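So you can see what is in the structure, the chains are spelled out below.
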There are 4 protein chains.
Amino acid sequence: MASDGKVRIGVIGAGRIGKIHIENLVYRVPDALVVAVADIDVENTQQWAAQYGIEKVVAEPKELINDATIDAVVICSPTSTHAEYVIEAARAGKQIFCEKPIAQKLDATKQALAAVDKAGAKLQIGFNRRFDRNFKHIRQLVESGEIGEPHIVNITSRDPAPPPLEYVKVSGGIFMDMTIHDFDMARYLTGSDVIEVYAVGNVLIDPQIKEAGDFDTAVTLLKFANGAVCTIDNSRQAVYGYDQRVEVFGSKGAAAAQNEAPTRVTVSNKDGVISDKPLYFFLERYMDSFAEEMNDFVTCVKANTVPPVTGEDGLQSLLIAMAAAKSAVENRPVKLSEIG
Amino acid sequence: MASDGKVRIGVIGAGRIGKIHIENLVYRVPDALVVAVADIDVENTQQWAAQYGIEKVVAEPKELINDATIDAVVICSPTSTHAEYVIEAARAGKQIFCEKPIAQKLDATKQALAAVDKAGAKLQIGFNRRFDRNFKHIRQLVESGEIGEPHIVNITSRDPAPPPLEYVKVSGGIFMDMTIHDFDMARYLTGSDVIEVYAVGNVLIDPQIKEAGDFDTAVTLLKFANGAVCTIDNSRQAVYGYDQRVEVFGSKGAAAAQNEAPTRVTVSNKDGVISDKPLYFFLERYMDSFAEEMNDFVTCVKANTVPPVTGEDGLQSLLIAMAAAKSAVENRPVKLSEIG
Amino acid sequence: MASDGKVRIGVIGAGRIGKIHIENLVYRVPDALVVAVADIDVENTQQWAAQYGIEKVVAEPKELINDATIDAVVICSPTSTHAEYVIEAARAGKQIFCEKPIAQKLDATKQALAAVDKAGAKLQIGFNRRFDRNFKHIRQLVESGEIGEPHIVNITSRDPAPPPLEYVKVSGGIFMDMTIHDFDMARYLTGSDVIEVYAVGNVLIDPQIKEAGDFDTAVTLLKFANGAVCTIDNSRQAVYGYDQRVEVFGSKGAAAAQNEAPTRVTVSNKDGVISDKPLYFFLERYMDSFAEEMNDFVTCVKANTVPPVTGEDGLQSLLIAMAAAKSAVENRPVKLSEIG
Amino acid sequence: MASDGKVRIGVIGAGRIGKIHIENLVYRVPDALVVAVADIDVENTQQWAAQYGIEKVVAEPKELINDATIDAVVICSPTSTHAEYVIEAARAGKQIFCEKPIAQKLDATKQALAAVDKAGAKLQIGFNRRFDRNFKHIRQLVESGEIGEPHIVNITSRDPAPPPLEYVKVSGGIFMDMTIHDFDMARYLTGSDVIEVYAVGNVLIDPQIKEAGDFDTAVTLLKFANGAVCTIDNSRQAVYGYDQRVEVFGSKGAAAAQNEAPTRVTVSNKDGVISDKPLYFFLERYMDSFAEEMNDFVTCVKANTVPPVTGEDGLQSLLIAMAAAKSAVENRPVKLSEIG
């Protein structure tokens, strides 16, 4: 850490999510200082970074990982590179924030976690939704016992429009790419581990998604160690926008989070009483949560505490995603123990 | 009362509201027995009444008023006849339910009340909205002290469409015809008397209403004896339907009643998140309250208790309506003591 | 039918639901005439029925089934007797309304349907929730194509409190007793048949329910012929009351029905912004739907049309319930074709 | 403007609101550069400002007003000094943002506006609520004609707790201090000028406020040039928090803004269905609007356009506040033409 107590950060990958993290680190995380960015497109990144007072831009992540003046790295490069950079960063003694997933493969994920473990590094995984004010509040209601023991969890998670087909092909499939966020949410809300998964996948929106070997609609059922059951319903296309709701039903009551919308205005006219559609997509809906997650990461590094989303959380969600994919193909409930 | 303990009722006037009362008395008020109906259109009324097992239909209300086998009359004839029938019914020893208003004139109203008083009769006035489940609940919240001392009351009361111009001309004006319900509501909710009125009347919907000497839009401010202030806003034309909401704000909280709608369904689509429009008009919205008011009237007669809406309540609302009309013309606050 | 065009009805069983049907038939179904009631407790039933002008009360249902002046029977006796009375009524040439389920066993159900079929009788099953104004509206939105092809259906159906243990023991289990309503709802909303079921049952509320061989919490997943998937979550104990919501998500939008509550009043105070709990239980929530279902049955009989809920609907829901129970025990998806 | 195109800003007064503006200018207004701050407490301000990279802190506002490198001043000093600094800044060729009100007196206000006019300076007044996303959306709905001609406007504006008595004494009274925001909102929403005011003031919360010569509860009725009527209800103490709602009712529909709350979570338990209280007070509710207003001011300066809230807007709201105060004392409608 610098003498001013700021955590000195290097960001690997300045694509869409990388830029968001940088902007938040600069403007909304007082204890962070972004000192360098690594991106293959050095020229454009330099120009962009200059606005934020960031002078050092390099092409090669390793240059940044091995920079002794840097305390922590934020890994936002393509998924296929995550595990490698996590391992190198751990070896280089860095604290690490890594976008989800660590890897699409179990082996790579476990190797990365082992390296982190060996180095005694901190590793926070980018499950940003945990930092959404609504879901955080529900987690607190569960944790404090206000709604009693959780019995049933319902998660609705629908995108406004399918990703490009090229993306679908490399995404790892809907469970790995999309539902994985909901798997983490389910674990977060209940505070319990998933032991078995049953998943149904359909192609109801675009036949090309079927050709690409994926589903566009999925319903997943999770069984938890504590007896709770969770349903998750996903669609790649909700014509009214990004639908992100959860409900936890417990022995003393239920807590439900409605969607967030651009305004709280309702218009009453001859067609009905009309409210806003939900915020369009994840950038709109989760913008604040991205800032919160960076803030928590930096706070952890500074205070030397355990990150709020650990490598183990990343691993568990991967296992659930793999079990779900297997379940959808084999049409049977799959135990997590079958995967690991 | 008949030996079976049922209150024997004669209904005067079988127009729209008369028919509603009869239907409710027959099907939803177990302690009532409708034994006769008086209506100028004997033939059609006979046919209609037969369905409800009512055999006696007469043209002349006095025949019914003087029928010794009848305990109570329900007066639903045109407003101009109310006072006369109230007086005759009181003299004939009947218990009386009379649609609002008793009369558009103060003298006639007072004479009717005097006759009722002299006869020791019960007189209930048809301010049916007091029996709406929502407003009743708010009244209970005020009465129990749950929201503390009432400080501010807001009433929104808008019709879906203006009445026919011919009706407007004989209606007594918007304050007497429409806002009078809100005046009674304001007194009911606060449990306090109005001492001063300031009203603004506009014609913003149909210039013909201006020619007819009336307003189609009105905002009224009431000052109560207990220090509370009430705003009432009226329009003859809310394109989204009948808008009937109230809010009471007090020292310990606020209680607000939203509109009732045909269903609790919301549709989310590319245009927004759409709920039902409010129930179209008073027949839809207040159907249950008409049954409740009849039930309460019959219960009062049977139990020999004071009606929930008295002749004095009718008089007070008339005085407020007259003060409002005067205020709108003279553009100044008018004390109720100026009217009486 | 009587010369006055009224459908002459005999009601078998005057317990709780029988009394509700009688009351609705008398007061809210103009085209019906209840001419006789069969109940083992003749004395009390006679006294009660007299209020509704029903003079004939018998102990023996067959007396009523064989009464040539009766057009239709409404069967509200214990479940174990349903099939027998359906068969006898069909043979006697009666039109039949039968509470759900026809029987807990498949054989008995099929025999009853065969008898009905042979007699050419009408048979309506008591899935009253189809007549709830909210669910009916959603069905219309699906049917009209307004929300496109249905992809996902979510049904939340939770009771306020578990039934007595003695009832649990003879109920046929949660899927047969409670979820069966949701199975019918799912078929009704989608207009499609269920082909496979996966169900999870838990005991999280009362261990005695486990001893009785039943579950108190259940999550069921249904696959439809048209590709849609439905989740149903059930609990025997929602501390905030009867939770009855459905959502249909389709290619053009989503339609969701919120709970109905005693009032639309919200109270804002130091504790929050507080709305009413849902209507307490099925009698409060579905009272109107019971009247609607009787009305539709009588209309069908009069107009000689197909009932809105057929014997086939009863059979299908039974098959789903049996598949769900099997699935919960065997922990695997069960095809309906395995049951039939 | 600096060569980098940034508007160079000096901030006068670094109290609560001054600090908010500085923080927003630094972090959320890319085109602004805060180059100096004037505050009587130089030492503490220096320390605070250093965090934001602001090096120049002076005690004397004039030093900053006469700094040739500064393009615009943001005046956040006590109200009594506003007019003087506006005049000096205008004379010094600066663009001006001034917190509301310019002055509590009409003369001082007019002198300030005349100086601004003479200098051809821009002057934006701090009616930040215009920049709230909800109210802005309603203004757009009115402006686009989507809800037709505005007929009735209802504004509810209640504070969570009264200010300290010492503040009340110098506040200029509730209409000048609190309702003035609502007056501006009413003008903003309708896009029309107020011609007459009728106001009722009460003391229902704290008798000491009466001793201080002020009201703690007020209801105001505004008549607009275009025929619309607006009601405003104010309380200094809503126990459930900051209540900030508006509704515009027009010939084609109504648009209403509900309160904003910390989360969209509802808890259903034995006490009811409970949502969050509104955001506690103006700092919570209007934080984004403060950033928006600064952004718009800087954009105006840069693009050389008319500010979204002009000196004339400040003057009009002052006139309405004066008319309201007069009306409350004299208990009669007061025309704005009586004040000017």
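Numbers given for residues are sequential positions, taken from 1 along each chain in its written order. Naming scheme: in the order in which they are written, chains are lettered from A and ligands are numbered from 1. Only residues with pLDDT of at least 70 are given local features in this predicted model, and only at 80 or more are side-chain atom pairs given and counted; all residues enter the totals for whole chains, interfaces and linings. By convention in this description, side-chain values take in all heavy atoms of the structure and omit both hydrogens and water.

Caption draft 1: Geometry of the environment of Ala 161 of chain A. All names here are of chain A. By definition, any uninterrupted DSSP run of H or I lasting at least four residues is a helix, any uninterrupted run of E lasting at least two residues is a strand, and each is numbered from the N terminus. With respect to the helices and strands, the residue Ala 161 is situated in the loop between β7 (150-158) and α7 (165-170). With relative accessibility at 29%, the residue Ala 161 sits in the partly exposed group. Non-local contacts of Ala 161, meaning those with residues more than four positions away in its chain, are made with Arg 236, Gln 237 and Tyr 280. Categorising residues by exposure relies on relative accessible area from a 1.4 Å probe, with only protein chains included: less than 20% of the type maximum marks a residue as buried, more than 50% marks it as exposed, and the intermediate range marks it as partly exposed. Whether two residues are in contact is decided by their heavy atoms: any pair within 4.5 Å suffices.

Caption draft 2: Quick peek at the sheet that holds strand β6 (residues 123-125) of chain D. Residue and element names in this part refer to chain D. A pair of strands counts as paired when DSSP detects no fewer than two bridges linking them. Strands sit in the order β3-β2-β1-β4-β5-β6 across an open sheet of six strands; the sheet is parallel. Whereas interior strands pair on both sides, the edge strands pair on one side only; in this sheet they are β3 (56-58) and β6. For this sheet the average axis-to-axis angle between neighbouring strands, irrespective of direction, equals 25°. Pairing geometry for strand β1 (residues 7-12) and strand β4 (residues 72-75), over four bridges, is parallel. Across the sheet, residue Val 11 finds its bridge partner in β4, namely Val 74. In this analysis, axes come from line fits to C-alpha atoms, helices being fitted only over the stretch in contact, and the angle between any two N-to-C directions falls in the range 0 to 180 degrees. On top of the sheet, helix α4 (residues 79-91) reaches β1, β4, β5 (95-98) and β6; it is set at about 170° to β5, its chief contact. Where helix α11 (residues 287-303) meets the sheet, its contacts fall on β1, β2 (32-38), β4, β5 and β6, and the angle it forms with β5 comes to roughly 165°.

Caption draft 3: Main features of the pattern of salt bridges. One speaks of a salt bridge when a side-chain nitrogen belonging to Lys or Arg is within 4 Å of a carboxyl oxygen belonging to Asp or Glu. In the structure shown here, the tally under the stated rule is 112 salt bridges over all chains. A salt bridge links Asp 271 of chain B to Lys 270 of chain B; its shortest N-O distance comes to 3.5 Å. Its relative accessible area of 59% is what places Lys 270 of chain B among the exposed residues. For Asp 177 of chain D, the salt bridge is made with Arg 236 of chain D, and the minimal N-O distance between the two is 2.9 Å. Here the residue Asp 177 of chain D occupies a position in helix α8 (residues 174-190), and Arg 236 of chain D occupies one in the loop between β10 (229-235) and β11 (243-250), the gap between them amounting to 59 residues. In terms of burial, Asp 177 of chain D and Arg 236 of chain D fall into one category: buried.

Caption draft 4: The relation of the copies chain D and chain C, seen in detail. Superposition record for chain D on chain C: RMSD 0.1 Å, screw rotation 180°, translation along axis 0.0 Å. When the rotation and shift are considered jointly, the pair of chain copies conforms to a two-fold rotation axis. Across chain D, the rotation axis passes nearest the C-alpha of Ile 274 of chain D, at a separation of 2.2 Å. Here 100% of the contact residues of chain D are again contact residues in chain C; the copies associate through an equivalent surface. To superpose the copies, least squares is applied to the C-alpha atoms of every residue with a pLDDT of at least 70 in both.

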